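# Remarks on the overall topology
In case you want the letters, here they are:
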Amino acid sequence: ERVVTRPRSLPHPRIAVAVSIEPLAQELARTARARGLEVESLDLAQALDAPVGVIAYAPAQPLDPKAAKALGSLCRRAAENRKPIVLLWAFDRPRGKGAVEHAAIVAYLQAQGAIVVGDPDVWLETVALMATFGAPRGPRVAIVAPLGSWLRLQASALAQAAQPLAAARPTVLDDASK
């Protein structure tokens, strides 16, 4: 059987790219254009008002709490307008006090509506998915992927990370055959 989905109603789904790391911005643009998605380089503030379906953002370095607070307000505004910020957070994890601050910043940004991704490949795929189909409504998401694929491995990792939250949320399955 085939799964039928309905792409978003934009005539040409568009991505706003707010990335200061030039090779990463170029790779995102190349990947998006290969899939028929338009890409526009904008800063975050401009992207919130642009006619785009998703905002791809990758800071050049980890954010401090003050910068995270400023970004959080932009993430909330973007989420309210149904054009989420997909944030690439691919930094080494600090230890000790820095680890607590790092975790608090990531949790805060997620609570403000950012989609925080730690892997560049998953980030690219998430941006393309959001641009094409839009953000899912509500707190439930299903990922359907073939056995052995990278997407399936990522979905399994997400499901395992969500297990501590299972008591407060609906059941998360990492295998549709269960």
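Look up: the structure comes first, before these words.
Report on the accompanying structure. (Residues numbered from 1 in each chain as written. Predicted model: local features only at pLDDT ≥ 70, side-chain atom pairs only at ≥ 80, totals over all residues. Heavy atoms only, no water.)

## What about the overall build of the protein chain?
When helices and strands are counted, the protein chain shows six helices and five strands. Going residue by residue from the N terminus, the α and β elements of the protein chain occur as β-α-β-α-β-α-β-α-β-α-α. Relative to its full complement of 178 residues, the protein chain shows a buried share of 37%. Working note: accessible area of the protein chain is about 11,500 Å², and carbon and sulfur atoms make up 56% of it. (Helix = DSSP H or I, 4+ residues; strand = E, 2+ residues; numbered from the N terminus. Buried < 20%, exposed > 50% of the residue type's maximum accessible area, 1.4 Å probe, protein only. Areas by Shrake-Rupley, 256 points an atom, 1.4 Å probe, with all protein chains shown as cover.)

## Topic: the sheet that holds strand β1 (residues 14–19)
What links the strands of a sheet is backbone hydrogen bonding, and the strands pair in either a parallel or an antiparallel sense. The five strands are arranged β2-β1-β3-β4-β5 in an open sheet whose pairing can be described as parallel. Two strands lie at the open edges of the sheet, namely β2 (38–41) and β5 (115–117), each paired on one side alone. Between one strand axis and the next, the sheet turns through 25° on average, direction left out of account. Note that β1 and strand β3 (residues 54–58) share five bridges and pair parallel. Following the sheet pairing, Val17 is matched in β3 by Ala56. In the packing of helix α3 (residues 65–80) onto the sheet, the strands contacted are β3 and β4 (85–88), and the crossing angle to β4 comes to about 140°. (Pairing = 2+ DSSP bridges. Axes fitted to C-alpha atoms, helices over the stretch in contact; angles between N-to-C directions. Contact = heavy atoms within 4.5 Å.)

## So, the nonpolar core
Counting residues in each nonpolar core, the largest one holds 24 residues, and the members touching the most others are Ile55, Leu71, Trp89 and Leu109. Those elements that provide at least two residues to this core are β1, α2 (44–49), β3, α3, β4 and α4 (97–111). Element by element, the count of residues in this core is highest for α3, at four residues. Formed by 23 residues, the second largest nonpolar core is a distinct cluster that contains Val39, Ala58, Val117 and Leu124. (Core = buried A, V, L, I, M, F, W, Y, C linked by side-chain atoms within 4.5 Å.)

## Topic: the pairing of β2
When β1 meets β2, the two strands line up parallel, connected through four bridges. Paired with Ala16 across the two strands is Glu40, which belongs to β2. The β-α-β motif built from β1, the intervening helix α1 (residues 22–34) and the parallel element β2 has right-handed crossover chirality. (Right-handed = clockwise from strand over helix to strand, strands pointing away.)

## Description of the packing of aromatic side chains
One pass over the structure, following the stated rule, counts one aromatic pair. Centroid distance Trp89 to Phe91: 5.2 Å. Interplanar angle 90°. Geometry classified as edge-to-face. Both residues of the pair, Trp89 and Phe91, belong to the buried class. (Phe/Tyr/Trp six-rings, centres within 6.5 Å; stacked < 30°, edge-to-face > 60°.)

## Remarks on the pattern of salt bridges
Between side chains of opposite charge, a pair can form when the charged atoms approach closely. By the definition in use, this model includes five salt bridges. Measuring nitrogen to oxygen at the nearest pair gives 3.7 Å for the salt bridge that ties Arg14 to Glu38. Of this pair, Arg14 sits in strand β1 while Glu38 sits in strand β2, and the two are 24 residues apart along the sequence. Overall, Arg14 belongs to the buried group, its relative accessible area being 19%. According to the relative accessible area criterion, Glu38 is partly exposed, its value standing at 35%. (Salt bridge = Lys/Arg side-chain N within 4 Å of Asp/Glu carboxyl O.)

## Quick look at α4
The end-to-end C-alpha distance of α4 is 21 Å, a good match for the 21 Å that 15 residues give at a rise of 1.5 Å each. Buried residues of α4: His102, Ile105, Val106 and Leu109, and no others. One face of α4 carries all of its buried residues, which in axial projection span an arc of 95°. The exposed set on the far side of α4, more than 90 degrees from its buried face, consists of Lys97, Val100 and Ala111. Packed against the buried residues of α4 are α3, β4 and β5. At the C-terminal side of α4, Gly113 shows a positive phi close to 105°. (Expected span 1.5 Å × (residues − 1). Arc of directions from axis to C-beta.)

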